[in-house]
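# Summary of the model geometry
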Amino acid sequence: MTELVARLAALRQRIDTACRTAGRASGSVRLLAVSKAVGSAAIRAAGAAGQREFGENYVQEAMEKMSQLADAGLTWHFIGPIQSNKTRAIAENFAWAQSVDREKIARRLAEQRPPGRGPLQVCVQVNISGEASKSGCAPGEALALCTAIARLPTLQLRGLMAIPAPGDPGAARGAYRRLRELFEEIRAALAAPGFDTLSAGMTEDLDVAIAEGSTLVRVGTAIFGER
Ligand SMILES: *Cc1c(COP(=O)(O)O)cnc(C)c1O
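Residues numbered from 1 in each chain as written. Predicted model: local features only at pLDDT ≥ 70, side-chain atom pairs only at ≥ 80, totals over all residues. Heavy atoms only, no water.

Residues Leu216 and Arg218 point to one face of strand β8 (residues 216-219) and Val217 and Val219 to the other, with burial holding for every one of them. Pairing of strand β1 (residues 30-34) with β8, which is carried by four bridges, proceeds in the parallel orientation. Bridging across to β8, Ala33 finds its partner in Val219. (Buried < 20%, exposed > 50% of the residue type's maximum accessible area, 1.4 Å probe, protein only. Helix = DSSP H or I, 4+ residues; strand = E, 2+ residues; numbered from the N terminus. Pairing = 2+ DSSP bridges.)

Next up, the structure:
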């Protein structure tokens, strides 16, 4: 666990350096700790070291950890593919859903969000590298989907998320740049005040993502080690 705390500190340093190199304010990038396949004890240790936001890809796995960690005051983001039969559990248990990629899913999440929990924070996932097998809407569909989500009162549209095709960080740079351009186009078109989140960058390429405007990096391996 001391190793985990050291890795978290080194990662915060790395994010800080990437911000400074890009001429951005340190603290302009949030860290989401991706805890898929990680046990509750390690998540609790990261929480005690000041990490408050965690991302999970599988609903069932996440709900077990949430119940074990209910006293820890953590914020949970859903970042995996969303099937229709999982929307209720996501709407009821998560603060954020970053991987919304079609209107049907958005409508279900909106209908199933419990009154009194406050709006579910939503990012639209964009298939920025045009991969056939990947989740995410086509870039050309993102504005229409964002417009539809912005009209749903129990959802709060926050921004865009993407996972570029695997490859070297240099190849990811172009994808992250296109994502930021799309983000800026949509922000201008919607004039939605809460549209402030560009969820981009993982262990391999977060420096490049920050150079290209990411405001939230999703990091697993650099914190918890290889899965
Ligand atoms: C697993 C995962 C991450 C974290 O990846 P690392 O390479 O371990 O940092 C980020 N985003 C999503 C959507 C993931 O599934």
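Having put the structure on the table, let's press on.
Our focus in this paragraph is the site of the ligand. In the vicinity of the ligand, the residues found are Val34, Lys36, Asn57, Ile79, Ile163, Met202, Thr203, Arg218, Val219, Gly220, Thr221 and Arg227. In the model, an oxygen atom of the ligand is placed 2.5 Å from a nitrogen or oxygen of the Thr203 side chain. Between an oxygen atom of the ligand and a main-chain N or O atom of Gly220, the distance comes to 2.9 Å. Considering only residue class, the shell around the ligand consists of five nonpolar, four polar and three charged. (Near = heavy atom within 4 Å. Polar contact = N/O pair within 3.5 Å; in protein donor to acceptor, adjacent residues only side chain to side chain. Nonpolar A, V, L, I, M, F, W, Y, C, P; charged D, E, K, R; others polar.)

Count 3.6 residues to each turn of an α-helix, and residues three or four apart come out pointing the same way. For helix α7 (residues 169-190), with 22 residues, the first-to-last C-alpha span of 31 Å sits near the 32 Å given by 1.5 Å per residue. The inward-facing, buried residues of α7 abut α6 (142-150), β6 (155-161), β7 (197-199) and α8 (206-211). Within two residues after α7, Ala191 carries a phi angle of roughly 50°, on the positive side. (Expected span 1.5 Å × (residues − 1). Contact = heavy atoms within 4.5 Å.)

Right, let's get into the packing of α6 against α7. Relative orientation of the contacting elements α6 and α7 amounts to 45°, with a least axis distance of 10 Å. If you check the angle between α6 and α7, you find them oblique. Crossing hand, α6 versus α7: right-handed. Two secondary-structure elements touch here, α6 through Ala142, Leu143, Cys146 and Thr147 and α7 through Leu182, Ile186, Ala189 and Leu190. Among the residues forming the contact of α6 with α7, the class breakdown is seven nonpolar, one polar and no charged. (Axes fitted to C-alpha atoms, helices over the stretch in contact; angles between N-to-C directions. Parallel < 35°, antiparallel > 145°, perpendicular 65-115°, else oblique. Left-handed = near helix turned anticlockwise from the far one by under 90°.)

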